[in-house]
Structures are given as C-alpha cells and as structure tokens.
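Here is what each chain is made of, one letter per residue.
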Amino acid sequence: MKSVSIFGATGSVGLSTLDLIRRDPDAYRVVALTANSDVDNLAAQARATGAQVAVIGQERLHGALREALAGSGIEAAAGEDALVEAAALGADWTMASIVGCAGLKPTMAALRTGGTVALANKESLVSAGGLMMEAARAAGATLLPVDSEHNAIFQCLAGSDLDSVSRIILTASGGPFRTRRLDEMADITPAQAVAHPNWSMGAKISVDSATMMNKGLELIEAAYLFPVGLDRIEILVHPQSVIHSMVEYRDRSTLAQLGSPDMRIPIAHALAWPDRIATPCQPLDLARIGRLDFEAPDPERFPALRLARAAANEGGAAPAILNAANEVAVAAFLAGRIGFLDIAMIVEDVLDRYSAPTPCAIDDVLAADAQARVMAGEVMERLTA
Ligand code: NDP
Ligand code: MG
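Residues numbered from 1 in each chain as written. Chains lettered and ligands numbered in written order. Predicted model: local features only at pLDDT ≥ 70, side-chain atom pairs only at ≥ 80, totals over all residues. Heavy atoms only, no water.

*Asks:* Please clarify how the sheet that holds strand β7 (residues 142-145) should be interpreted in this entry.
*Replies:* Sheet strands pair by backbone hydrogen bonding; their relative direction is either parallel or antiparallel. Across the sheet, which stays open at both edges, the seven strands sit in the order β4-β3-β2-β1-β5-β6-β7 with parallel pairing between neighbours. The sheet is open, and its two borders are formed by β4 (75-78) and β7, each paired with just one other strand. Each strand of the sheet is rotated relative to its neighbour by a mean of 20°, with strand direction disregarded. Inspection of the sheet shows strand β6 (residues 116-119) paired to β7 by four bridges, in the parallel sense. (Pairing = 2+ DSSP bridges. Helix = DSSP H or I, 4+ residues; strand = E, 2+ residues; numbered from the N terminus. Axes fitted to C-alpha atoms, helices over the stretch in contact; angles between N-to-C directions.)

*Asks:* Which parts of the structure should I look at to understand the coordination of the magnesium ion (ligand 2)?
*Replies:* Ideal geometry at a metal centre gives angles of 109.5 degrees when four donors are arranged tetrahedrally and 90 or 180 degrees when six donors are arranged octahedrally. For the magnesium ion (ligand 2), the full set of protein donor atoms is Asp147 (OD), Glu149 (OE) and Glu218 (OE), at a range of 2.1 to 2.2 Å. Sequence spacing of the donors to the magnesium ion (ligand 2): D-x1-E-x68-E. Of this pair, Asp147 sits in the loop between β7 and α7 (148-157) while Glu218 is found in helix α10 (residues 213-225), placing the two residues 71 residues apart along the sequence. Look at Glu218 and you get buried, because its relative accessible area is 1%. (Donors = N, O, S within 2.8 Å, 3.2 Å for Na, K, Ca; no water. Buried < 20%, exposed > 50% of the residue type's maximum accessible area, 1.4 Å probe, protein only.)

*Asks:* Which parts of the structure should I look at to understand the nonpolar core?
*Replies:* The tendency in soluble globular proteins is for nonpolar side chains to be buried as a group. With 94 residues, the main nonpolar core has Leu322 and Val350 as its most contacted residues. Ranked by residues supplied to this core, first place goes to helix α14 (residues 318-334) with 11 residues. (Core = buried A, V, L, I, M, F, W, Y, C linked by side-chain atoms within 4.5 Å.)

*Asks:* Just to check I follow, could you spell out the packing of helix α4 (residues 80-88) against helix α5 (residues 104-112) for this structure?
*Replies:* How two helices pack is summed up by the angle between their axes together with the distance between the axes. Close contact between α4 and α5 brings their axes to 7 Å; oriented N to C, the two are set at 20°. Taken as axis vectors, α4 and α5 run roughly parallel relative to one another. In the packing of α4 onto α5, the handedness of the crossing is right-handed. For the pair α4 and α5, contact is made by Leu83, Val84, Ala87 and Ala88 and by Lys105, Pro106, Ala109 and Ala110, respectively. Split by residue class, the contact of α4 with α5 holds seven nonpolar, no polar and one charged. (Parallel < 35°, antiparallel > 145°, perpendicular 65-115°, else oblique. Left-handed = near helix turned anticlockwise from the far one by under 90°. Contact = heavy atoms within 4.5 Å. Nonpolar A, V, L, I, M, F, W, Y, C, P; charged D, E, K, R; others polar.)

*Asks:* What should I look at first to understand the domain arrangement of the chain in this one?
*Replies:* Often, the extent of an interface is quoted as the loss of accessible area on bringing the components together. Splitting the chain by domain gives domain 1 (2-145), domain 2 (151-261 + 283-300) and domain 3 (315-385). Spacing between the C-alpha centres of domain 2 and domain 3 amounts to 24 Å. If you look at the interface, domain 2 gives 19 residues, while domain 3 gives 12 residues. Both sides of the domain 2 and domain 3 interface together cover about 1,300 Å² of buried area, and 82% of this is carbon and sulfur. It is Pro190, Lys204 and Met213 that lose the most area in domain 2 upon contact with domain 3, and together they represent 33% of the buried surface on that side. At the surface where domain 2 touches domain 3, the tally comes to zero salt bridges. On the surface where domain 2 and domain 3 come into contact, there are one residue pair in polar contact (both at pLDDT 80 or more). The leading source of residues in the side of domain 2 that touches domain 3 is helix α9 (residues 203-211), at six residues. (Domains from an automatic or database assignment. Buried area = accessible area lost by both parts, 1.4 Å probe. Salt bridge = Lys/Arg side-chain N within 4 Å of Asp/Glu carboxyl O. Polar contact = N/O pair within 3.5 Å; in protein donor to acceptor, adjacent residues only side chain to side chain.)

Shown next as structure tokens:
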C-alpha cells in the first residue's frame, strides 16, 4: 500500500487525483487531504477515502470542518501552519496541487520528508525554484512534474543526460484568444477567459492560459526542472493539445509525448512512476483528429511571454515578483475590477519598479512575493481610481 496526501484536494487537479486513487482503493492509504475554504467537499472526500487528517486553510472554518467530520474519526485541522504540519507528516507520495504561491510552504515541507512529490503547483516552483530543487536534493526527495508539458518532457527525456539535449519544445494551445485581434482583446470578460478550448481547469490557470502567462510560468518551471539553459527552451503553439511537449537531442532526433487532454494521464504517470497504471482516459484517435497544427507564438498580443522570459533571464527574485503580481492581477480580473489587457500591464509595471536581492531562504521569497503584491495593488488603485 502506498501512503498518499493531496494538497488542494478539492480543486481540478486534486479531484482528478482522487478519481484515480478511488478506482484502486486497496493500493492507497490516504494520510492528508487539504482545501482552502470548501469544507463540504473536503469532508466528503476525506470520509470517502478514510483519510487520517483533513486540513482547511482558512482558520475560521475549523469548527465547520470539525462538525462535518464528526463521528468519522478523521482529525480536523485548520490554518496555514496546519497545512505545513500535515505535509511534514510525510507520505510515500504527495500531490502538490494548491493553486498559487500559497502552496510553497506545504510543498517544501513535503519535500523535506524525503518522499515523492508530484508537482502541479507551478507557482511555488516559479517563485522559489532554486531553493526548492536544492531542498529536494538535500532530502533525497523525488520531484515528479505533473504539469502536462513537463510530464511530457520528463517522459521524453527518459533519464537521458541533459548534455545530449539540444532543445526542449514546450507546446501551448494558445488558449481561447489565439486568433483574436489585439484591438478586440480589451473587452474580454472573465467568463470568456476561463472557457479553455481543450482543458477543463481551475479559474486561475485558465486565465493564465488565456494571457499565455501560463506558458511563461511553464518556461520558468522547465528551466528549473530541466536545466538545459533558457535559450534552449522554445515555445510552440499547437492548438489541438495532442502533443504535450517535445525534446530534441543533439543528433536531431525529436521525441514527443502525445495523449488526450486529460490531466489524469500525467497524474497517473506520476502516481505509478516508474511503473504504469491503467486509466479511464480516452485513447488517442489520430484518424479522427486528422491533423496537427503548429505556429509561432505572437509576443505582440501575448506580452506575458516576453515578461516571463525576461524575469527568467534576470533570475533571483524576478520570477517570484512576476508570479505574485500576476496572481494579484488575475484575481482582480476574475473579480471584474480590471480589464484583460491590464493583467500583463500590471505585471510589467511591478517588474519595472521593484527588484529584490536573490532569495537565500523561503522567507526571502515570501517577502518579495508580499512586496510585489502590495505594489500590484497600488497599480490597480491608480487604474481604477
Ligand atoms: P483549482 O482552483 O481548481 O484548485 C485549487 C486548490 O487549492 C483547491 O483545493 C483550493 O481549495 C486550494 N487552495 C486555493 N487557495 C489556497 C490557499 N490559499 N491555501 C490552501 N489551499 C488553497 O486549481 P487547479 O486544480 O486548476 O490548479 C492547481 C495547481 O495545478 C495550479 O498551480 C495550476 O497551475 C496547476 N495545474 C493545473 C492544471 C489543471 O488542469 N487544472 C494543469 C497543470 C497545472 P478550495 O477548493 O477550498 O478553494
Ligand atoms: Mg501545463
């Protein structure tokens, strides 16, 4: 039996993970499940899996969670520290699927136990990549990429020496506005932005896909996971989302990983690695798909790509600042407070005005993150005044 914990169990990735685990209940023992505010869903999942502990991020919901778990024997905990404590309990396999930099501390705590961490929470790696990779190394932990592109690259690398890699090609669907003209982008609504053509995902990553900041974050994520040099990581738009990414070797042989756009495929890969398990996912029907298209990304209409590459090249705290400003701007866009094009504008403004020394510890990352959030808030106040 494999012990598993899922951080962000009530989200899109968390629920897909639970779906796989519940198909083979004898193979897994659930240690911890967590959520931020969705008490009912968290309690239901904890009861269904017989979890040892359930943690709700919002401290004020402790009583509600206790009530929802009454009589189950499942421990109810609440608050940010409780999330970290649950991660420190350790499990053979931990899914890191909290959204945003809020996942950083629990993910670091899980890595420090030396187990396997399946990483969906890209924002934590973008913000603290160097420190996170170092913590994994020091603890002997295994960090497995769940983000579909990075999982694809991991599979295409198949343990090869990075010296033999000439290019990593990150594919991007281009999102719902791939063909929209720039002068028609200002009026994009949150409902339009979260309607991704190929993937069903949480609201934040759906907006990131629409601005293509998601691909920018993934560029930084790839640079930490597969350090081949930023100039060797390219972005290619592929609207069908069938090829999830590619690796070109120095002999010019290129390997690609393909599959239906269903996150349960990369999650299952990380769950079973180095083995394989069966999934209920649709087989790929290439005859029906008929054709695969490719095009270069357009940095004019998607400035987030340029901003993320610049932050990646700058290194230090810049990726954390980029990420924090983006988190604030996306939340404001989803709340109807700012326009679609304001998102990248706010990120650029904060990156231009604020820089911080290279973080030596997680607290330095969180301090840069907090200051970038304050500054993004100030830009927004000017915009909406
Ligand atoms: P969702 O918004 O669907 O789920 C987020 C999860 O995190 C929920 O369980 C939520 O709890 C919890 N959460 C949110 N904020 C906090 C907080 N402050 N403290 C603790 N827990 C919190 O997101 P997704 O599942 O779509 O994405 C999760 C991560 O995986 C993101 O980093 C995303 O970029 C990445 N990812 C997602 C993919 C996808 O297909 N969805 C694909 C590749 C990567 P509650 O429900 O209570 O709010
Ligand atoms: Mg992805």
